[in-house]
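# Tertiary structure, described
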Amino acid sequence: MKGNQDIIDALNDLLVYELTAMDQYFVHSRMYEDMGLTKLYERIDHEFDDEKAHAAVLIERILFLEGKPDLTQRDALNIGDTVPAMLQSDLNIEYGVQKALKKAMALCEKEQDFVTRDQLLVLLDDTETDHAYWLEKQLKLIKLTGLENYLQSQM
């Protein structure tokens with residue numbers, strides 16, 4: 001089904017965010033594993049898998065709309081050097097994804113592509129209620145309990 005080129009372009013823009021987030025989560029998860037922070041490793045490795053699944057949804061939709069997925073683009077990774085910096089960096093990516101998803105959804109509504117919009121809504125829900133919310137909670141826990149106590153709880 002030939003899709004709207006503006007929507008295909010927006011989906012490719014979203015793909016850049018998802019692939020960048022995937023790469024960053026991958027690096028951060030392995031850093032947590034290396035630090036012995038098993039719980040953080042497991043959670044962030046799960047986020048890596050989620051981002052890969054989000055990218056797959058976008059790729060499949062682009063192909064369905066007879067577009068060409070662009071997997072060559074990435075934004076610069078922001079690899080943290082401390083646990084709070086890594087968590088904040090990941091949260092910043094999620095905020096960017098959230099903003100881009102809302103913009104793409106508005107375009108889909110304007111162009112009356114409600115199927116794509118509905119698919120993006122699922123990604124937005126995951127981004128807001130799972131990824132960003134969990135990262136926000138971790139940063140709050142660090143403030144409430146102190147970094148040392150937080151790190152000990154993640155072993």
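Above this note sits the structure.
The notes below deal with the structure included here. All of these numbers come straight from a predicted model, not from anything done at the bench.

### Concerning the nonpolar core
Ranked by size, the top nonpolar core spans 41 residues in total, and within it Leu11, Leu14, Tyr32, Leu40, Val83, Leu87 and Leu120 carry the most contacts. Ranked by residue count, the leading element in this core is helix α3 (residues 83-110), at 12 residues. Dropping the residues within four chain positions of it, Leu40 is found in contact with Tyr32, Val83, Leu87, Trp134, Tyr150 and Gln154.

### Some points on the side chain of Gln98
Summarising the element assignment, Gln98 is placed in helix α3. With a relative accessible area of 19%, Gln98 lands in the buried category. A distance of 2.6 Å separates the side chain of Gln98 from the side chain of Glu128, its partner in a polar contact. With sequence-adjacent residues up to four places away left out, Gln98 is seen in contact with Leu124, Thr127 and Glu128.

### Description of the layout of surface pockets
If you add up the space inside the largest pocket, you get close to 210 Å³. Lining the largest pocket, in full, are Ala10, Asp13, Leu14, Tyr17, Lys99, Ala100, Lys103, Ala104 and Leu107. Of all elements in the fold, only α1 (5-35) and α3 reach the threshold of two or more residues within the lining of the largest pocket. It is α3 that provides the largest number of residues to the lining of the largest pocket, a total of 5 residues. Within the lining of the largest pocket, the residues separate by chemical class into 6 nonpolar, no polar and 3 charged.

### Side note on helix α2 (residues 38-64)
Turn by turn, an α-helix covers 3.6 residues, leaving residues three or four places apart pointing in a common direction. Here α2 spans 39 Å end to end across 27 residues, near enough to the 39 Å set by a 1.5 Å rise per residue. Just downstream of α2 lies Glu66, where phi reads positive at about 65°.

Here is what the cut-offs are and how they apply
- Residues numbered from 1 in each chain as written.
- Predicted model: local features only at pLDDT ≥ 70, side-chain atom pairs only at ≥ 80, totals over all residues.
- Heavy atoms only, no water.
- Core = buried A, V, L, I, M, F, W, Y, C linked by side-chain atoms within 4.5 Å.
- Buried < 20%, exposed > 50% of the residue type's maximum accessible area, 1.4 Å probe, protein only.
- Helix = DSSP H or I, 4+ residues; strand = E, 2+ residues; numbered from the N terminus.
- Contact = heavy atoms within 4.5 Å.
- Polar contact = N/O pair within 3.5 Å; in protein donor to acceptor, adjacent residues only side chain to side chain.
- 1 Å grid on protein atoms, 1.4 Å probe; cavity = no way out; pocket = protein on both sides within 12 Å on 5 of 7 lines; lining within 4 Å.
- Points joined across faces, edges and corners; volume = space filled by probe spheres on them.
- Nonpolar A, V, L, I, M, F, W, Y, C, P; charged D, E, K, R; others polar.
- Expected span 1.5 Å × (residues − 1).

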